[in-house]
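Structural overview
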Amino acid sequence: MKTVSENRSFEGVQGVYTHASGSCACDMTFGLFLPPAAEYGPVPLLWFLSGLTCTHDNAMTKAGAQAWAAEYGIGLVFPDTSPRGEDVANDDAYDLGQGAGFYVNATQDPWAPHFQMWDYVAEELPALLGEQFSVDLDRQAITGHSMGGHGALTLAMNLPGRFKSVSAFAPIAHPTASDWGRKQLGAYLGDDETTWAKHDATLLMKNTGFDGPVLIDQGSSDQFLELLKPEDLAQAMMAKRQDGAFRMQKGYDHSYFFVSTFMEEHIAFHAEALEA
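To keep things clear, this report deals only with the structure shown in the data block.

Reading the values: the criteria
- Position numbers for residues start from 1 in each chain and track the written sequence from start to end.
- The model is predicted, so local features are restricted to residues of pLDDT at least 70 and side-chain atom pairs to those at 80 or more, both for listing and for counting; the totals for chains, interfaces and linings are taken over all residues.
- Excluded from the side-chain calculation are hydrogens and water; included are all heavy atoms of the structure.
- Strands here mean DSSP runs of E at least two residues long; helices mean DSSP runs of H or I at least four residues long; both are numbered from the N terminus.
- Using C-alpha atoms as the atom set, the radius of gyration is obtained and then compared with a globule rule of 2.2 Å times the number of residues to the power 0.38.
- Should any heavy atoms of two residues lie within 4.5 Å, those residues are counted as being in contact.
- Method for areas: the Shrake-Rupley scheme with a 1.4 Å probe, in which residue coverage is limited to the protein chains shown.
- Under the counting rule used here, the positive set is Lys and Arg, the negative set is Asp and Glu, and His together with the chain ends is not counted.
- Every charge is mapped to an atom, namely NZ of Lys, CZ of Arg, CG of Asp or CD of Glu.
- Here, any two strands with at least 2 DSSP bridges between them count as paired.
- Throughout, an axis means a line fitted to C-alpha atoms (over the contacting stretch in the case of helices), and angles, computed between N-to-C directions, take values from 0 to 180 degrees.
- We call Phe, Tyr and Trp rings a pair once their centres come within 6.5 Å, taking the six-membered ring for Trp, and we label the pair stacked below 30 degrees between planes, edge-to-face above 60, and tilted otherwise.
- Relative accessibility under 20% of the residue-type maximum defines a buried residue, over 50% an exposed one, and the middle range a partly exposed one, all with a 1.4 Å probe and only protein chains included.
- Any Lys NZ or Arg CZ that is within 6 Å of a ring centre and within 35 degrees of that ring's normal is treated as a charge sitting over the ring.

On to the overall build of the protein, then. A count of helices and strands for the protein gives 9 helices and 9 strands. Taken over the C-alpha trace, the protein has a radius of gyration of 17 Å; the compact-globule value for 276 residues is 19 Å, and the two agree within 12%. Taken along its principal axes, the extent of the C-alpha atoms in the protein is 50 × 45 × 35 Å. A fraction of 73% describes how many contacts in the protein between residues 6 or more apart in sequence connect residues 24 or more apart. Just so you have it, the protein exposes about 11000 Å², and 48% of that area is on carbon and sulfur atoms. Of the side chains in the protein, 16 bear a positive and 36 a negative charge, and the two mean positions are spaced by 5 Å.

Laid out in structure tokens, this is it:
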């Protein structure tokens, strides 16, 4: 692991690091904010998964999360959204390939050799963080925006007991029924749609739900509402009697102005679940 940068932030440290990933067979970059409490012992960890076209940097610099994480004594990890490099497959479209990993393990060529983002986020990166930093892997929570909200919800519901809480900002809520999903799941996983179900938050909510509290924020003026299909997830949460809240925020769009507006509430929500 190599340190790219470390900056003092709200009395903690915002770092950026690279390492050789066995899962993705390339170098991967992530951001990690450690609050001042980490100087005295391991701190709980909140994952932020970003959306299409993003890197580790977008939420790290735009979400305004560090101030609140420092106040509540929570570490923040910002993984990249896909493998990257000259040898990594890509596509001319912004919503497939590099920057659009969709948090799945690809089984189809040309994606399979590198696009193993599920294993990277679920297994490899947590192990690295536990070995190298003062974080408490027994107290984890997860959130994300757009494609990252999809990833946060699907990881949380597929890994019972891993995360104490899950939240999302404008998640891709029903990808098997959307062009933001069917295209990517078909490309990465193939034509057998039974393999897609574990990567659809609405289907997972209907079938299993989440063993903890859920918080979803969605802007009513989001320009991508037809692709996100938030109403399907909201209905599934109600039908499942899921512990949580789905909030439609009047006038907000899909941008980080929306994310940063409600970031404090999301971190407070996770802090309560983590008992931070």
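Once the structure has been displayed, the description carries forward.
Okay, the environment of Gly-101 next. By the secondary structure assignment, Gly-101 is in the loop between β5 (75–79) and α3 (117–132). Here the alpha-carbon distance between Gly-101 and Gln-184, two residues 83 residues apart in the chain, equals 8.5 Å. The residues contacting Gly-101, other than those within four sequence positions of it, are Thr-81, Ser-82, Phe-115, Met-117, Met-147 and Tyr-188.

Spatially, the 9 strands line up as an open sheet ordered β1-β2-β3-β5-β4-β6-β7-β8-β9, and their pairing is mixed. Each of the sheet's edge strands pairs with one partner strand only, and the pair in question is β1 (2–9) and β9 (244–249). The sheet shows a mean angle of 20° between the axes of neighbouring strands, taken without regard to direction. With 9 bridges joining them, strand β2 (residues 12–21) and strand β3 (residues 26–34) adopt antiparallel strand pairing. Pairing of Gln-14 across the sheet is with Phe-33, part of β3. Of the strands in this sheet, β8 (214–219) and β9 are in contact with helix α8 (residues 230–240), which crosses β9 at around 150°.

If you trace the backbone, His-150 turns up in helix α4 (residues 147–158). Setting aside residues no more than four positions away along its own chain, His-150 makes contact with Phe-102, Tyr-103, Pro-171, Ile-172, Pro-175 and His-199.

Quick look at the packing of aromatic side chains now. As enumerated under the stated definition, the model contains 13 aromatic pairs in all. Judged by centre distance (5.9 Å) and plane angle (65°), the rings of Phe-258 and Phe-262 are edge-to-face. Of the two residues, Phe-258 and Phe-262 are both situated in helix α9 (residues 256–274); the distance of 4 residues between them amounts to about one turn of the helix. Across this residue pair, the class does not change: Phe-258 and Phe-262 are buried. Taken together through their ring pairs, the aromatic side chains of Phe-48, Phe-78, Phe-169, Tyr-252, Phe-258 and Phe-262 make up a single cluster. One cation-aromatic arrangement involves Lys-198 over Trp-118; the distance from NZ or CZ to the ring centre is 4.6 Å.

Another aspect to go through is the pairing of strand β4 (residues 43–49). Among the 7 residues in β4, 7 count as buried, and that is most of the element. Here 6 bridges tie β4 to strand β6 (residues 135–144), and the two strands are oriented parallel to one another. Each bridged residue has a counterpart across the sheet, and for Trp-47 the counterpart in β6 is Ile-142. Across 3 bridges, β4 lies against β5 in parallel orientation. For Leu-45, the partnering residue across the bridge sits in β5 and is Gly-75.

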